[in-house]
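# Working through the structure, step by step
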Amino acid sequence: MLLVIDVSNTNMVLGVFHGENLVANWRLSTKSGRTADETGLLICSLFAYSDVSVGDIEAIIVSSVVPDVMYSTLNGIKKFLKKDPIVVRAGLKTGINLRMENPKEMGTDRIVNLVAAYELYGGPAIVVDYETATTFDVVSEKGEFLTGITAPGLQTCADALYQRAANLPKFEIVNPESVITKNTVESMQAGLVVGHIGEAKFIIQKIKEHFNCPNMKVIATGGLARVIDPKGEIFDVLDPVLTLKGLRILYEKNK
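Scope of this entry: the structure provided in the associated data block. Remember, it's a predicted structure, so these values are computed and weren't measured experimentally.

What follows concerns a nonpolar patch on the surface. On the surface, a nonpolar cluster with roughly 280 Å² of combined accessible area is contributed by Val179, Ile180 and Val194. Along the polypeptide, Ile180 turns up in the loop between helix 4 (154–164) and helix 5 (184–210).

What follows is the structure, given as structure tokens:
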């Protein structure tokens, strides 16, 4: 079995694949203060609450956009899982041609998502990821990265409202029933979510117009993607574990 780990600024997401089947997955908060021992023990403890045993893990692949946690993550894995993981970095076979001025600037999470989207759903496609930042990345029919757009994520914007305005409370990010609101929390929910719905529709429209491809497939992932499009009216595909699938594909390409 294969253990895949995606470390983002907000969450560490882990999944176990048996062949092409995802048989277990977990989501942890990303914390730079954990030691290697704490990280290794925490990962191992997750298996106690699943049908998968740590001893079943034959290989591990890790993608991270948080350099501060890589030492503890990798050393915790080596010490407690007794495996030397593959790390997603420049030089791995991806099948994606990064047509940009400096390919090393591209976040590994975005590369992994492009790999998964292209291999599973084909191109041309727009990959939208709702995490700490909201990203819109475009891959061509030939597997070329054409452009990428980065915007503040929903939780990032929600935190900014709470932290920068003394009288505004914390609030849950949910899709409001209406933009006509009667209290502060509902008004914040409507402003945040409806604003991001408009952002998604407009950016997708402009990308399709620029590349003269009105039927370009739109694939969404990330923890809050469903909040933006609960009825499936904006995205063609909603795949919450796209990144985990991409890590499995990258392992197969590079094992």
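Don't stop here, the text continues.
Looking now at the pattern of salt bridges. Counted according to the given criterion, the structure contains seven salt bridges. Here Arg110 ties to Asp137 by a salt bridge, and the two come within 2.6 Å at their closest N and O atoms. Of this pair, Arg110 sits in helix 3 (residues 108–121) while Asp137 sits in strand 8 (residues 133–139), placing them 27 residues apart in sequence. Relative accessible area serves as the criterion here: at 14%, Arg110 is assigned to the buried category. The salt bridge involving Lys253 is made with Glu119; its shortest N-O contact spans 3.0 Å. Pair noted here: Lys253 is in helix 7 (residues 242–254) and Glu119 is in helix 3, with a separation of 134 residues, a long-range link.

When you line up the elements, Val127 lands in strand 7 (residues 125–130). Residue Val127 is classed as buried on the basis of its relative accessible area of 2%. As for Val127 and Ala220, which are separated by 93 residues in sequence, their C-alpha atoms are 5.8 Å apart. Aside from chain neighbours lying at most four places away, what touches Val127 is Asn113, Leu114, Ala117, Thr135, Phe136, Asp137, Ile219 and Leu242.

Moving on, we come to the sheet that holds strand 9 (residues 144–152). The six strands are arranged 6-9-8-7-10-11 in an open sheet whose pairing can be described as mixed. In this open sheet, the two strands that pair with only one neighbour each are strand 6 (97–98) and strand 11 (237–238). With six bridges joining them, strand 7 and strand 10 (residues 217–222) adopt parallel strand pairing. Bridge pairing in strand 10 places Val127 opposite Ile219. On the sheet, helix 3 packs against strand 6, strand 7, strand 8, strand 9, strand 10 and strand 11 and is oriented at approximately 45° with respect to strand 8.

So, on to the pairing of strand 4 (residues 59–64). As a general feature of sheets, a regular strand has side chains that alternate between the two faces. Most of strand 4 sits inside the fold, with six of its six residues counted as buried. Burial of strand 4 is two-sided: the residues Ala59, Ile61 and Ser63 facing one way and the residues Ile60, Val62 and Ser64 facing the other way are all buried. As paired elements, strand 1 (residues 2–7) and strand 4 share six bridges and run parallel to each other. In the strand pairing of strand 4, Leu2 is matched with Ala59. Inspection of the sheet shows strand 4 paired to strand 5 (residues 86–87) by two bridges, in the parallel sense. Within strand 5, the residue paired with Ile61 across the bridge is Ile86. Regarding topology, helix 2 (residues 70–80) serves as the crossover connection from strand 4 to the parallel strand 5, and that connection is right-handed.

Each value, and the rule that gives it
- Residues numbered from 1 in each chain as written.
- Predicted model: local features only at pLDDT ≥ 70, side-chain atom pairs only at ≥ 80, totals over all residues.
- Heavy atoms only, no water.
- Patch = residues over 30% accessible without salt bridge, like charges linked within 9 Å, V, L, I, M, F, W, Y side chains within 5 Å.
- Areas by Shrake-Rupley, 256 points an atom, 1.4 Å probe, with all protein chains shown as cover.
- Salt bridge = Lys/Arg side-chain N within 4 Å of Asp/Glu carboxyl O.
- Helix = DSSP H or I, 4+ residues; strand = E, 2+ residues; numbered from the N terminus.
- Buried < 20%, exposed > 50% of the residue type's maximum accessible area, 1.4 Å probe, protein only.
- Contact = heavy atoms within 4.5 Å.
- Pairing = 2+ DSSP bridges.
- Axes fitted to C-alpha atoms, helices over the stretch in contact; angles between N-to-C directions.
- Right-handed = clockwise from strand over helix to strand, strands pointing away.

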